[in-house]
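A look at the structure
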Amino acid sequence: MDARKLVMEADVTDTNEPSPSQGAINRRPATIHDVARAAGVSSQTVSRYMRGFDGMKPATRAKVQSAIDELGWRPNSLARALRMSAPTRILLFVHELNESGPSNIILAATRAAAAAGYTLEVVPLDADDAASSAATISRADQTFAVGAMAFVPNEDIARVFRETRFIIPLLREINGDGIEGEHAQGPLEPGITLVLQHLHELGHRKIFAVHGPRAWFSSQKRYRALHAAAMSLGVEVIGEVHGDWSANSGYDAALLMPQDATALIAANDDMAIGAMSALHDKGLEIPADVSVTGFDDVKLAQFVVPALTTVHVDFRSSGQIAIERLLELIESSSVHHRSQPVPQTLTVRDSTGRAPESSFRPG
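Reading guide: rules and limits
- Residues numbered from 1 in each chain as written.
- Predicted model: local features only at pLDDT ≥ 70, side-chain atom pairs only at ≥ 80, totals over all residues.
- Heavy atoms only, no water.
- pLDDT = per-residue confidence, 0-100.
- Contact = heavy atoms within 4.5 Å.
- Salt bridge = Lys/Arg side-chain N within 4 Å of Asp/Glu carboxyl O.
- Buried < 20%, exposed > 50% of the residue type's maximum accessible area, 1.4 Å probe, protein only.
- Phe/Tyr/Trp six-rings, centres within 6.5 Å; stacked < 30°, edge-to-face > 60°.
- Helix = DSSP H or I, 4+ residues; strand = E, 2+ residues; numbered from the N terminus.
- Lys NZ or Arg CZ within 6 Å of the ring centre and 35° of its normal.
- Pairing = 2+ DSSP bridges.
- Axes fitted to C-alpha atoms, helices over the stretch in contact; angles between N-to-C directions.
- Arc of directions from axis to C-beta.
- Patch = residues over 30% accessible without salt bridge, like charges linked within 9 Å, V, L, I, M, F, W, Y side chains within 5 Å.
- Areas by Shrake-Rupley, 256 points an atom, 1.4 Å probe, with all protein chains shown as cover.
- Lys, Arg positive; Asp, Glu negative; His and termini not counted.
- Charge placed at Lys NZ, Arg CZ, Asp CG, Glu CD.

This next bit is on the confidence of the model for the chain. This prediction gives the chain a mean pLDDT of 81; 80% of its residues lie at or above 70. Contacts of residues 1-26 to residues separated by more than four positions or lying in other chains number 41 contacts, the stretch itself having pLDDT below 50. Contacts of residues 176-184 to residues separated by more than four positions or lying in other chains number 33 contacts, the stretch itself having pLDDT below 50.

This part takes up the pattern of salt bridges. A complete count under the given rule lists seven salt bridges for this structure. For R162, the salt bridge identified is with E155, shortest N-O distance 2.5 Å. On the accessibility criterion, E155 (34% relative accessible area) is partly exposed. A salt bridge links D297 to R349; its shortest N-O distance comes to 3.0 Å.

Counted by the stated rule, this structure contains four aromatic pairs. Between F161 and F166 the ring centres are 6.2 Å apart and the planes differ by 20 degrees, which places this aromatic pair in the stacked class. F161 gets classed as buried once you look at its relative accessible area, which sits at 3%. Between W216 and W245 the ring centres are 5.7 Å apart and the planes differ by 70 degrees, which places this aromatic pair in the edge-to-face class. On the criterion of sequence distance, the pair formed by W216 in the loop between β5 (206-211) and α10 (217-233) and W245 in the loop between β6 (236-242) and α11 (247-254) is long-range, its members being 29 residues apart. Look at W245 and you get buried, because its relative accessible area is 9%. One aromatic cluster is present, built from ring pairs that chain together F93, F161 and F166. The aromatic ring of F295 is capped on one face by R222, whose charged end is 3.8 Å from the ring centroid.

On to the sheet that holds strand β4 (residues 170-173), then. Strands sit in the order β2-β1-β3-β4 across an open sheet of four strands; the sheet is parallel. One side of each edge strand has no neighbouring strand; the edge strands of this open sheet are β2 (119-125) and β4. Averaged over all adjacent pairs, the angle separating strand axes in this sheet is 20 degrees, with direction ignored. Relative to β4, strand β3 (residues 145-151) runs parallel, the two sharing four bridges. Paired with F151 across the bridge in β4 is E173. Against the sheet, helix α7 (residues 130-139) contacts β1 (89-95) and β2, and its axis sits at roughly 155 degrees relative to β2. Packing against the sheet, helix α8 (residues 155-163) makes contact with β1, β2, β3 and β4, and its axis sits at approximately 170 degrees to β4.

For a regular strand, side-chain orientation follows a simple rule: the groups alternate between the two sheet faces. Where β1 and β2 come together, seven bridges link them in parallel fashion. Note on β2: the bridge partner recorded for H95 is L125.

Along the chain, I286 connects to P287 via a cis peptide bond; the corresponding omega equals 5 degrees. Relative to the elements of secondary structure, P287 occurs in the loop between α12 (269-281) and β8 (291-296). With omega at -5 degrees, the peptide bond leading from V305 into P306 counts as cis. In this structure, P306 sits in the loop between β8 and β9 (309-312). Backbone geometry places D297, a non-glycine residue, at a positive phi of 60 degrees. Topologically, D297 is positioned in the loop between β8 and β9.

Attention now goes to α11. Residues S249, G250, A253 and A254 constitute the buried set of α11. Seen end-on, α11 carries its buried residues on one side only, within an arc spanning 135 degrees. Taken together, the buried residues of α11 touch β5, β6, β7 (263-266) and α12.

Looking now at a negative patch on the surface. A grouping of D126, D128, D129, D244 and D252 is seen on the molecular surface, where their side chains present a negatively charged patch. By the element assignment, D244 lies in the loop between β6 and α11.

Take the sheet that holds β5 next. In space, the six strands of this open sheet follow the order β6-β5-β7-β8-β9-β10, with mixed pairing throughout. The open sheet terminates on both sides in strands that have one partner only, identified here as β6 and β10 (345-347). The average angle at which neighbouring strand axes cross in this sheet is 20 degrees, direction not considered. Sheet topology places β9 next to β10; three bridges connect them, and they run antiparallel.

Take a look at the structure:
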């Protein structure tokens, strides 16, 4: 038998032998699953308790020990010998590994998982190919993993995860930024509101927008935030194009910007940097003729010329919180949404300035 399978079966199917006082009683010995049900936790949590995991909440430890005492459960000798080989893998399903946001979240999540005694196994998905992603997910080995997390960018991938059977706890982050869950920040992206307020204060009243892909949840949130803030502030969106997050799509979009737009808002930094190159090729000066903003605050943003004004997203905190939420789900089979998501802030640099005098209208 495969050694890994032997370890898994020993840890999951541990039973106890009846005590002498129970010898005449004909009943099924308790299992680790019985203990988990009695304690209201997962079997993985019971296993972690038996291994002496330090990061478990006192209340959870008390519930597990109470269930063990009540049921009289004891791991068998094989499980005791092999318990240090209990599952420690966490599967992380991600997309766009070459992008700054996902890569930074993965780095932070890896460190947070390691600090909790787990190993993160990254499973890359193609966000634009649901069939390929479904095949990749179905091939992922769940048999020796304690849990899984998925960053879900759009409805097609969300549907794949809904239709895939998981035998381990699964946490899906579907708000587009991997922070708090679907509704933690509401339907609007707060960073975009900060961008509009900044441009409004500089006198910009006609803007051009370069959005992300229509199907992406994060793109939809930024789109809604842009139009809500523009309406509230009296700013006119005189043109908009959907890109694909790449610098190339930002370049192509900027070529379509109307002449009377005084600011270009891009839904991420890569598209903003591509747009800046196109505007330069058109003979426009940034920010004298047109201001440009991005979103994410990637490392390159401060080094382009002029340096890019953008929304700073704390991806490292996002990864830390995501792992904490998954461990909470593994321990208690439920997740309590935090009331304070990681804040977004506006980093103002040289790519934004006052609107040209000919277009400036007070108010």
